[in-house]
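Understanding the architecture of this molecule
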Amino acid sequence: MKNAVIGNNKQKANLIVLGAVPRLLYLLQQETSSTELRTECAVVLGSLAMGTENNVKSLLDCHIIPALLQGLLSPDLKFIEACLRCLRTIFISPVTPEDLLYTDATVISHLMALLSRSRYTQEYICQIFSHCCKGPDHQTILFNHGAVQNIAHLLVSTSYKVRMQALKCFSVLAFENPQVSMTLVNVSVDGELLPQIFVKMLQRDKPIEMQLTSAKCLTSMCRAGAIRTDDSCIVLKTLPCLVRMCSKERLLEERVEGAETLAYLIETDVELQRIASITDHLIVMLADYFKYPSSVSAITDIKRLDHDLKHAHELRQAAFKLYASLGANDEDIRKKIIETENMMDRIVNGLSESSIKVRLAAVRCLHSLSRSVQQLRTSFQDHAVWKPLMKVLQNAPNEILVVASSTLCNLLLEFSPSKEPILESGAIELLCSLTQSENLALRVNGIWALMNMAFQAEQKIKSDILRGLSTEQLFQLLSDSDVNVLMKTLGLLRNLLSTRPHIDHIMSTHGKQIMQAVTLILEGEHNIEVKEQTLCILANIADGTTAKELIMTNDDILQKIKYYMSHSNAKLQLAAMFCISNLIWNEEEGSQERQDKLRDMGIVDILHKLSQSSDPNLCDKAKTALQQYLA
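This is a predicted model, so every value here is computed, not measured.

What counts and how
Residues numbered from 1 in each chain as written. Predicted model: local features only at pLDDT ≥ 70, side-chain atom pairs only at ≥ 80, totals over all residues. Heavy atoms only, no water. Helix = DSSP H or I, 4+ residues; strand = E, 2+ residues; numbered from the N terminus. Rg over C-alpha atoms; globule rule 2.2 N^0.38 Å. Buried < 20%, exposed > 50% of the residue type's maximum accessible area, 1.4 Å probe, protein only. Contact = heavy atoms within 4.5 Å. Areas by Shrake-Rupley, 256 points an atom, 1.4 Å probe, with all protein chains shown as cover. Lys, Arg positive; Asp, Glu negative; His and termini not counted. Charge placed at Lys NZ, Arg CZ, Asp CG, Glu CD. Salt bridge = Lys/Arg side-chain N within 4 Å of Asp/Glu carboxyl O. UniProt positions renumbered as here; feature names shortened; annotations may be inferred. Axes fitted to C-alpha atoms, helices over the stretch in contact; angles between N-to-C directions. Parallel < 35°, antiparallel > 145°, perpendicular 65-115°, else oblique. Left-handed = near helix turned anticlockwise from the far one by under 90°. Nonpolar A, V, L, I, M, F, W, Y, C, P; charged D, E, K, R; others polar. Phe/Tyr/Trp six-rings, centres within 6.5 Å; stacked < 30°, edge-to-face > 60°. Lys NZ or Arg CZ within 6 Å of the ring centre and 35° of its normal.

Across its full length, the protein chain carries 41 helices and two strands. Taking 631 residues into account, the globule formula puts the C-alpha radius of gyration at 25 Å, and the protein chain, at 33 Å, lies well above it. Taking the principal axes of its C-alpha atoms as reference, the protein chain extends roughly 110 × 55 × 50 Å. Residue burial in the protein chain is summarised as follows: out of 631 residues, 55% are buried. In the protein chain, of all internal contacts separated by at least 6 residues, the share reaching a separation of at least 24 is 67%. A total of about 28600 Å² of accessible surface is found on the protein chain, and carbon and sulfur atoms cover 52% of it. Both charge centroids of the protein chain, one from 64 positive and one from 70 negative side chains, sit 6 Å from each other.

Here is the structure:
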């Protein structure tokens, strides 16, 4: 059987159909079978698992994993190795659920114990761990079972395969995991610290797979804060190694992995972004990622075309991600990216690709570039980027919506020429619906974009926003448990209530509700920033012509303003003074009555006290206000 099925998928399928698997598993588990027989059974099963995904499914359906795990308890090393080899083949198949490794708590500790038996047990077990470690829960289980200590010494094994699998283990254990990363920094093998061992594995004379994987380990440790971003092992070793992986000489798969890892390494660090942008012409080198499948290869080699097609999506996604990281902070880098051949067209095309991963990466890239005032006024306008962006926002999954709506926030800043056409294409409705989302980031972005839209806008737009939001929704947002949502909503109100005619118009239609909201917030348990924003809104209302009366006839609010004038925080005192100044300003109708009423409330006494304040801002503001009384 073994000889019949090696390298022959048709024969493998035939044997499975004929019912060989249950029979082989039966013999494998029989205590009376000789060890040689049981080993041969494990080898044949391993060979069947090497076939198609359907083969693996058939094996899983016959409960092969518990049978093989049971086999690991045997004293015979050859049999253990055959079981591990078969388990390895099954676990690296995409159809096998990783959780099957963790169902019995004793399995992991037994595997750790088997690591010392032979180079084969080391290779297969590390490979099983690196394939079955998906996410923080798995990382924690392996970490708590001593994975770091048990696997570290394998990095200096005489066998390349063992070294490589151990390295892969660390790259998945450390990914986005501060606990593992902080531990790795201090582990030493034969007197050498792990980061130094990883750096040695990065050298150009090492196989590419080893260079890439050790770069991933160092990247994870750096992102987790275990290695500083200005450490020479990052700046002089890891970053240049990853840039090398992006070059034309490398295989497409390597270029994808290199670019994605580099994007992750530099994502949050300005200095690393700057260094990467001037290493080996990286920005130009990435433009090449968009040239697959190339037309020349199409004619000569069908197999190559198939390979190119398969990786074309991944290449574009990786390039967009890396461009997004490179351009996250620096204006000059953004300019360089946008000046790369057909860059804006490529992003616009990326926004409507069928692959969701490419769409997400293209939106990320666009978001990164949209942080530039210069680009918003030029390239973004020339390419009408807002059109495909609005289309993306129509019915995308949340992860795309979050980035796309952040980008829209930037396009709606008052200096962006895209603002008008976006408004005309029904953005208000779209953004109002985002503010009702269960997803916090979408609520924040929806209200943030409306806030930007309302800034220095004409009255019609402001009225449309208020209509679209509804008073009910406005109150909902003002009582949101997230302080970001609250601050942006107050920012929106402040922008709506600017310039006199607008203030009077909005307060004539929504005055009662807005005053209610202001009262609620000033009475609630909120931080200084929230209360300051709220008092600034009151100061804007006090600047209206007819709107003033809503404050003057509301004794509750007047008492609150008085209270905040004597508050311990200078910011709140200052904001309260703005309200008072706007109410008592001389040149306006009815100022005398307002001054008298406020004097009776004891406001003038507080102003005298504040004019002696050690804070120059408060002192000036108080003196200016008192002059209104003297004039």
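Still more to cover.
Using the criterion set out here, one finds 29 salt bridges in the structure. For Lys216, the salt bridge identified is with Glu257, shortest N-O distance 2.5 Å. Within this pair, whereas Lys216 is found in helix H15 (residues 208–223), its partner Glu257 is found in helix H17 (residues 252–266), the two being separated by 41 residues in sequence. For Lys216, a relative accessible area of 26% corresponds to the partly exposed category. Note that Arg228 and Asp230 form a salt bridge whose closest N and O atoms lie 2.6 Å from each other. Connected via shared salt-bridge partners are Arg500, Asp543, Lys548 and Glu588.

The UniProt feature table records "repeat: ARM" (unreviewed entry) at residues 19–55. The span residues 19–55 carries 76% helix and 0% strand; its end-to-end C-alpha distance comes to 12 Å.

What follows deals with the packing of helix H7 (residues 77–91) against helix H9 (residues 119–132). Between H7 and H9, the shortest axis-to-axis distance is 9 Å and the interhelical angle comes to 25 degrees. Judged by the inter-axis angle, H7 sits roughly parallel to H9. Handedness of the H7/H9 crossing: left-handed. Of the residues in H9, those in contact with Leu77, Ile80, Glu81, Leu84, Arg85, Leu87, Arg88 and Phe91 of H7 are Tyr120, Thr121, Glu123, Tyr124, Ile125, Gln127, Ile128, His131 and Cys132. Residues belonging to the contact of H7 with H9 are distributed by class as follows: 10 nonpolar, three polar and four charged.

On inspection of all chains with the given rule, the structure shows five aromatic pairs. Ring geometry for Tyr563 against Tyr564: centres 4.9 Å apart, planes inclined by 70 degrees, an arrangement best described as edge-to-face. Tyr563 sits in the exposed class, given a relative accessible area of 51%. Look at Tyr564 and you get buried, because its relative accessible area is 3%. Cation over ring: Arg119 sits above Tyr120, and NZ or CZ is 4.8 Å from the ring centre. For Lys488, the ring lying beneath its charged end belongs to Trp448, and the centroid distance is 4.4 Å.

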